[in-house]
Amino acid sequence: MVDWKNPPRLFIPGPIKVLPEVLEQLARPTLGHRGKEYSQLHGETVGMLKKMLSTEQSVFLSTSSASGVWEGCIRNCVKLDETILCTMCGAFSDKFAMVSRACGRTPDELKVEWGQAITADMIDKKLATGNYAAVTIVYNETSTGLTNPVYEISEMMKEKYPDVLVFVDAVSGMVGLPMHFDRLGWDVVFASVQKAFSIPPGLAVFAVSDRAMEKSKTVPDRGYYFDFQEFAKSAAKDQTPTTPAVPQIMALHYQCTRLLEEGMENVWARHKKMAEYARAWTKENFDLFAPEEYASNTLTAVKNNRGIKVAEVIAALQQKHNTVFGNGYGKLKQDVFRIAHMGDISLDDLKELLGWIDEEIK
Ligand SMILES: Cc1ncc(COP(=O)(O)O)c(C=O)c1O
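What you are looking at is a predicted structure, and each value in this text was computed from that prediction instead of being measured. (Residues numbered from 1 in each chain as written. Predicted model: local features only at pLDDT ≥ 70, side-chain atom pairs only at ≥ 80, totals over all residues. Heavy atoms only, no water.)

Visitor: Could you give me a rundown of the pairing of strand S3 (residues 83–88), with the residues and numbers involved?
Guide: Of all the 6 residues making up S3, 5 are buried; the element is thus mostly covered by neighbouring parts of the structure. Here S3 runs beside strand S4 (residues 106–111); their pairing, made up of 6 bridges, is parallel. Across the sheet, the residue bridging to Met 88 is Lys 111, located in S4. You can see the chain leave S3, run along helix H4 (residues 91–102) and come back into S4, and the turn it takes is right-handed. Direction of pairing for S3 relative to strand S5 (residues 134–138): parallel, over a ladder of 3 bridges. For Ile 84, the partnering residue across the bridge sits in S5 and is Ala 134. (Buried < 20%, exposed > 50% of the residue type's maximum accessible area, 1.4 Å probe, protein only. Helix = DSSP H or I, 4+ residues; strand = E, 2+ residues; numbered from the N terminus. Pairing = 2+ DSSP bridges. Right-handed = clockwise from strand over helix to strand, strands pointing away.)

Here's what the structure looks like:
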């Protein structure tokens, strides 16, 4: 018998653990979203996000999950007759291409096997063959536990294709992995708060470059809910175009304050340390699904090379410890399992979880 009021501790790759003090932020008295108090909350939060993402360009808050911003960046920045290069290396990068198609655009695909990385060289070869308006990249492919080499890709893009816009899905990467939006020359980056921000779902954060904002003015039929121009008009008043998820923004303010106090370099190092622990455990017991040089610091995808019954282990942990981790995504359901080590999940939490898995697989 399940009880949603007594849910399991979550080690799935999002949503993840939320600290009690973060939950308390969600219970604060609400604010009128056209009032001065909200503008104060909004302005301070966006100011902190700009520091965290190393940008002086636009940062917006969207009351949606991150999937909305997939649609937003396509509909705002790519005209119907322009071609996008969608790089695809797992379930979420595949979906980014699917959303481009659903928005009536014509994606050209650069596809590798799930578990492989997209490299700068691959993108370079592909872009050299045609006239592309934009490229989509998933920073951290949550389905395969893989981090694409986005810094190298960005250097190559700046040098060889400075006019091609770069859209980066950093849903499970933001906060946990290094990010220098302006220096990297990205045009849109986005994430949802239920990943490494360690906040309950309902809000997405995104940054947009000045040139993407200019381009968006020239793209017809941008829709309304994700229209970047609407976001910009409201941002000038430290507001959002529509009624925002105020509780999540209060929690985001709290989390950004903590993260900046810790220092982003330290936050990234903390994630790396947890990932190294998870990888060492994985190599001792199973194998990594992604090549180690690309293995993610926010989650580990474990290749189930011992043929354990993943669903049974998860069920046993839920029953004994009211704790769950992630099975493989989609077609990898039986062959992989995924363990989140991001946000407010601590190294001690991770050690406890892996100890419990050890007991089950002995
Ligand atoms: C890499 C990646 N992109 C996009 C999404 C979709 O995000 P959301 O569920 O917030 O719409 C996810 C969700 O897990 C993801 O991991």
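After that view, the rundown keeps rolling.
Visitor: Would you mind going over the packing of aromatic side chains in detail, with residue names and values included?
Guide: Across all of its chains, the model carries 12 aromatic pairs by this definition. Taking the centre distance of 5.4 Å and the plane angle of 35° together, the rings of Phe 206 and Phe 228 count as tilted. Placement of Phe 206 in strand S10 (residues 204–208) and of Phe 228 in helix H9 (residues 228–235) is noted, with a sequence separation of 22 residues between them. Between Trp 281 and Phe 286, the ring centres sit 5.9 Å apart and the planes meet at 45°, which makes this aromatic pair tilted. (Phe/Tyr/Trp six-rings, centres within 6.5 Å; stacked < 30°, edge-to-face > 60°.)

Visitor: Can you lay out the site of the ligand for me, pointing to particular residues and giving the numbers?
Guide: Near the ligand lie 13 residues; those nearest to it are Ser 65, Ser 67, Thr 142, Asp 169 and Lys 195. In this structure, Ser 65 approaches the ligand through a side-chain N or O atom, which is 2.5 Å from an oxygen atom. Measuring from an oxygen atom of the ligand, one finds a side-chain N or O atom of Ser 67 at 2.5 Å. When grouped by side-chain class, the residues that make up the shell around the ligand number 5 nonpolar, 6 polar and 2 charged. (Near = heavy atom within 4 Å. Polar contact = N/O pair within 3.5 Å; in protein donor to acceptor, adjacent residues only side chain to side chain. Nonpolar A, V, L, I, M, F, W, Y, C, P; charged D, E, K, R; others polar.)

Visitor: Quick rundown of helix H10 (residues 246–262)? Include the residues and the values.
Guide: Taking 1.5 Å per residue, 17 residues should reach 24 Å; H10 reaches 24 Å between its end C-alpha atoms and fits that length. All buried positions along H10 are accounted for by Val 246, Gln 248, Ile 249, Met 250, Ala 251, Leu 252, Gln 255, Cys 256 and Leu 259. Elements in contact with the buried residues of H10: helix H1 (20–26), helix H2 (36–53), strand S2 (58–62), S10 and helix H11 (264–285). Of the residues one or two after H10, Gly 263 is the one with positive phi, at around 95°. (Expected span 1.5 Å × (residues − 1). Contact = heavy atoms within 4.5 Å.)

Visitor: Summarise the packing of helix H8 (residues 210–217) against H9; cite the residues concerned and give the values.
Guide: Close contact between H8 and H9 brings their axes to 9 Å; oriented N to C, the two are set at 120°. Between H8 and H9, the angle is such that the two are oblique. Within the contact between the two elements, H8 uses Met 213, Ser 216 and Lys 217 and H9 uses Phe 228, Gln 229 and Ala 232. Classifying every residue of the contact of H8 with H9 gives 3 nonpolar, 2 polar and 1 charged. (Axes fitted to C-alpha atoms, helices over the stretch in contact; angles between N-to-C directions. Parallel < 35°, antiparallel > 145°, perpendicular 65-115°, else oblique.)

Visitor: Requested: an account of the sheet that holds strand S12 (residues 299–303), with residues and values cited.
Guide: On the basis of which strands lie adjacent, the open sheet formed by 5 strands has the order S1-S13-S14-S12-S11 and mixed pairing. Of all strands in the sheet, those bounded by a partner on one side alone are strand S1 (9–11) and strand S11 (287–288). Looking at chain direction, strand S13 (residues 323–327) and strand S14 (residues 336–340) are connected through 2 bridges and run antiparallel. Of the residues in S14, the one forming a bridge with Asn 327 is Phe 337. Contacts between helix H12 (residues 310–321) and the sheet are confined to S13 and S14, with S13 contributing the most and set at about 165° to the helix. The sheet strands contacting helix H13 (residues 347–361) are S1, S13 and S14, and the helix crosses S1 at an angle near 90°.

Visitor: Can you tell me about the pairing of S5, naming the residues and giving the values?
Guide: Most of S5 sits out of view: 5 of its 5 residues are buried. What you see with S5 is no split at all: Ala 134, Thr 136 and Val 138 on one side and Val 135 and Ile 137 on the other are buried throughout. Relative to strand S8 (residues 165–169), S5 is paired through 5 bridges, and the arrangement is parallel. Across the sheet, the residue bridging to Ile 137 is Val 168, located in S8.

Visitor: Can you break down the domain arrangement of the chain residue by residue, with the values?
Guide: As assigned here, the chain comprises domain 1 (9–17 + 264–361) and domain 2 (20–261). Using C-alpha coordinates to define each centre, domain 1 is positioned 26 Å away from domain 2. With 27 residues of domain 1 at the interface, the matching set in domain 2 holds 33 residues. Of the roughly 2400 Å² buried where domain 1 meets domain 2, counting both sides, 62% is carbon and sulfur surface. Three residues, Trp 268, Tyr 294 and Tyr 329, lead the burial of domain 1 against domain 2; their summed loss comes to 27% of the area buried on that side. Taken together, the connections running from domain 1 to domain 2 amount to 1 salt bridge. Counting the contacts that link domain 1 with domain 2 gives 15 residue pairs in polar contact (both at pLDDT 80 or more). Breaking the side of domain 1 that touches domain 2 down by element, the ones donating at least two residues are H11 and S12. Looking at which element gives the most residues to the side of domain 1 that touches domain 2, the answer is H11, with 5 residues. Across the side of domain 1 that touches domain 2, the residue classes break down as 16 nonpolar, 6 polar and 5 charged. (Domains from an automatic or database assignment. Buried area = accessible area lost by both parts, 1.4 Å probe. Salt bridge = Lys/Arg side-chain N within 4 Å of Asp/Glu carboxyl O.)

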